[in-house]
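Structural features, examined
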Amino acid sequence: MTIDLRSDTVTHPTPAMREAMFAAPLGDDVFGDDPTVNALETKAAQLFGMEAALFCPSGTMTNQLAIRTHTRPGDEVICDQLSHIYLYEGGGIMANSGVSVSLLPGERGKLTPALVRDAINNPADPHRPLTRLVSLENTMNKGGGCYYTLPEIAAIRQVCDDNKLPLHLDGARLFNALVETGESTEAHGQLFDSISICLSKGLGCPVGSLLLGKRDFITQARRFRKMMGGGWRQAGFLAAAGIYALDHHVNRLKLDHSRARKIGAMLEALPEVQEIYPIDTNIVIFRLPESILATDYVQQLAEKGIRGVTFGKHLVRFVTHHDFTDEHLAELETRLKSSIGLHN
Ligand SMILES: *Cc1c(COP(=O)(O)O)cnc(C)c1O
C-alpha cells in the first residue's frame, strides 16, 4: 500500500462519481450546448450568488483567465509573495497577461488591508505601473492551509472599493475554509469580483476548476479560454463529476482536516521534526533540521511507501484527501515510527 500525501489532486473518482460521469448527457461545449457543463456552471454560479461561471481544465487556467480578463499589459497585480498565481503557474501572469506583480510579505500568505493599501500605486504617477487587481488565496497553500475569515476579507474589499480595484480569489481550496468557519458561499460571492474554485482537489474530481464572476466578465474569459486552447467539446463527462462532488464531497472535507491534525500529532513524536505549521485544514507542513535536506527526506519516505513533496529546502508537505482513509492513517503511523533514527 502506498500512502500518497503529495497532494489532494491524487484522488481517483469513486464508483458513484464514475456512474454519474457515464450517465451524463453530452453536447459540444464550444457550441455552448453541453447540458451537463451548462448545469454545472449554473449550479456553481448560483451556489455563490454570482452571475455566471466558466468550467475549465485547471485552476491555473481559471486564475490566469481571471488575471487576463481583469488587466491590460503593463498593469500590476497585488498578491502575497507565497501566492500560487505567482509561484506555481509557470510565470503565466507575465507571459499570458503581460502584467507585473507586487509581491507582499503577508502572514503565512495572508494579506492585511494595510499591506494592500500601501502597495497601490498612485494612478496619477506615470512612472508606476497601474495597480489593477488584488488577488487573495484561500486556503493558503504555502502558508500551510490557513484561511481568511469573512471580516478579514471584507476589510480588504473596502480598500479595493476605495481604490476602485477588483478583487480576485484563488479559492482552489475555498471549501476547506468554509467547512471550518461555517461561512456561506453566498457571503464570499458578494466580496469578490471573481472566484476560482478547484473540483480536482479536496472535492475528488479527476479534472476541473470553475471561474465565477459577472456575466460580461465570464463572456470575456470564455473568449480568452478559447484563445488559449481551452475550448473543450464533450466536457460533460467531467462536469458530471463536478456536479456529483458539489452534492456529495463538500461536508466530508472535515474528515480530511481531522486526519491532518492526527498526522501532526504523529510528527510531533519524530525527533527530526523541528517545527510543524499550525494545522488549520488538510495541509501539513513540517520543518527538518539544517542537517537534513527535504529532498533526501522525501526520498527516504518514498522508500517506506510514504509520498510527500518538498516545500522548501528543509520543509516537507503532506496533504490529506478523499482517498486517504483511517486505514492509511494507521499504516502511516506504523511506518513513521519505524523511520525514527533513519537519518542519524
Ligand atoms: C492546485 C492549486 C491551483 C490550481 O492548480 P491546477 O493544478 O492548475 O488545477 C491554484 N491555486 C492553488 C492555491 C492551488 O493549490
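Heads up: the structure comes first, above all this text.
Residues numbered from 1 in each chain as written. Predicted model: local features only at pLDDT ≥ 70, side-chain atom pairs only at ≥ 80, totals over all residues. Heavy atoms only, no water.

1. Things to note about the overall build of the protein
Heads up, the condition is: Strands here are runs of E lasting at least two residues and helices are runs of H or I lasting at least four, both read from the DSSP assignment and numbered beginning at the N terminus. What the globule rule says is 2.2 Å times the number of residues to the power 0.38, and the radius of gyration is computed from C-alpha atoms. Type-normalised accessible area, obtained with a 1.4 Å probe on protein chains alone, sets the label of each residue: buried when under 20%, exposed when over 50%, and partly exposed for intermediate values. For the accessible areas, the method is Shrake-Rupley and the probe is 1.4 Å, while residue cover comes only from the protein chains on display. Two residue types count as positive, namely Lys and Arg, and two as negative, namely Asp and Glu; His and chain ends fall outside the count. To locate a charge, the coordinates of NZ of Lys, CZ of Arg, CG of Asp or CD of Glu are taken.
Assigned secondary structure in the protein consists of 14 helices and 13 strands. By the compact-globule yardstick of 20 Å for 344 residues, the protein fits well, its C-alpha radius of gyration being 20 Å. Taking the principal axes of its C-alpha atoms as reference, the protein extends roughly 60 × 55 × 35 Å. A burial count over the protein gives 55% of its 344 residues as buried. Put simply, the protein shows about 14,500 Å² of open surface, and 52% of that area lies on carbon and sulfur atoms. Positive and negative side-chain charges of the protein, numbering 34 and 40 respectively, have mean locations separated by a distance of 3 Å.

2. Remarks on helix α10 (residues 215–227)
To be explicit about the condition: Under the convention used throughout, the expected extent of a helix is 1.5 Å for every residue step, that is, one less than its residue count. Note on definitions: a residue-residue contact is assigned when non-hydrogen atoms from the two residues lie within 4.5 Å.
Spanning 13 residues, α10 covers 19 Å between terminal C-alpha atoms, matching the ideal 18 Å at 1.5 Å per step. The inward-facing, buried residues of α10 contact β2 (52–56), α3 (59–70), β7 (194–198) and β8 (209–213).

3. Quick word on the site of the ligand
Filter applied, for reference: Neighbouring residues are identified by heavy atoms, a residue being near a molecule or strand if any of them is within 4 Å of it. Counting of polar contacts relies on pairs of N or O atoms within 3.5 Å, with two restrictions inside protein: one atom must be capable of donating a hydrogen and the other of accepting it, and residues adjacent in sequence are counted only when both atoms are side-chain atoms. Lys, Arg, Asp and Glu make up the charged group, whereas Ala, Val, Leu, Ile, Met, Phe, Trp, Tyr, Cys and Pro make up the nonpolar group; the residues left over, Gly among them, are polar.
Inspection of the region around the ligand gives Ser 58, Gly 59, Thr 60, Asn 63, His 84, Glu 89, Glu 137, Asp 170, Ala 172, Arg 173, Cys 198 and Lys 201 as its neighbouring residues. Between the ligand and Arg 173, the relevant distance is 2.9 Å, taken from an oxygen atom to a side-chain nitrogen or oxygen of the residue. Here an oxygen atom of the ligand and a side-chain polar atom of Lys 201 are 2.8 Å apart. Out of a free accessible area of 380 Å², the ligand has 84% covered by protein chains. Considered class by class, the residues forming the shell around the ligand number two nonpolar, five polar and five charged.

4. Examining the sheet that holds strand β6 (residues 167–171)
Selection criterion: For two strands to pair, DSSP has to find at least two bridges joining them. Axes here refer to lines fitted to C-alpha atoms; in helices the fit is confined to the stretch in contact. Angles between the N-to-C directions go from 0 to 180 degrees.
Spatially, the seven strands line up as an open sheet ordered β2-β8-β7-β6-β5-β3-β4, and their pairing is mixed. With one partner strand each, in any of the chains shown, β2 and β4 (100–104) form the two edges of the open sheet. Looking at each pair of strands side by side, their axes are set apart by 20° on average, direction ignored. Where strand β3 (residues 76–80) meets β4, five bridges bridge the pair, whose relative direction is parallel. Within β4, the residue paired with Cys 79 across the bridge is Leu 103.

5. Considering the pairing of β7
Consecutive residues of a regular strand have side chains that alternate between opposite faces of the sheet. Taken across its five residues, β7 has five buried, putting it largely inside the fold. Here β7 shows two buried faces, one formed by Ser 194, Ser 196 and Cys 198 and the other by Ile 195 and Ile 197. Of the pairings in the sheet, the one linking β7 to β8 comprises five bridges and is antiparallel in character. Its bridge partner lying in β8, Ile 197 is registered against Leu 210.

6. Let's talk about the environment of Ser 200
Within the secondary structure, Ser 200 is located in the loop between β7 and β8. In this structure Ser 200 comes out as buried when scored by relative accessible area, which is 14%. Sequence separation between Ser 200 and Val 116 is 84 residues, and the spatial gap between their C-alpha atoms is 30 Å. Residue contacts for Ser 200: discarding those within four places in its chain leaves Asp 8, Thr 9, Cys 205, Pro 206, Val 207 and Gly 208.

7. Quick look at the nonpolar core
Our working rule: Nonpolar cores were defined as sets of buried Ala, Val, Leu, Ile, Met, Phe, Trp, Tyr and Cys residues, with membership established by side-chain atoms within 4.5 Å.
Grouped together as the largest cluster of nonpolar side chains are 49 residues, with contacts concentrated most on Phe 55, Val 134, Leu 136, Ile 156, Phe 175, Ile 195 and Leu 210. With sequence-adjacent residues up to four places away left out, Phe 175 is seen in contact with Leu 47, Phe 48, Thr 185, Ile 197, Leu 203, Leu 246, Val 250 and Leu 253.

8. Let's talk about the packing of helix α2 (residues 35–48) against helix α11 (residues 236–248)
To keep things clear, this is the line we draw: By definition, any crossing whose near helix is turned counterclockwise from its far helix by less than a right angle is left-handed, and any crossing with a clockwise turn is right-handed.
It is at 8 Å that the axes of α2 and α11 come closest, and there the two elements cross at 35°. As α2 runs across α11, the sense of the crossing is left-handed. Of the residues in α11, those touching α2 at Thr 36, Val 37, Ala 39, Leu 40, Lys 43 and Leu 47 are Gly 236, Ala 239, Ala 240, Gly 242, Ile 243, Leu 246 and Asp 247. Of the residues belonging to the contact of α2 with α11, the class tally is eight nonpolar, three polar and two charged.

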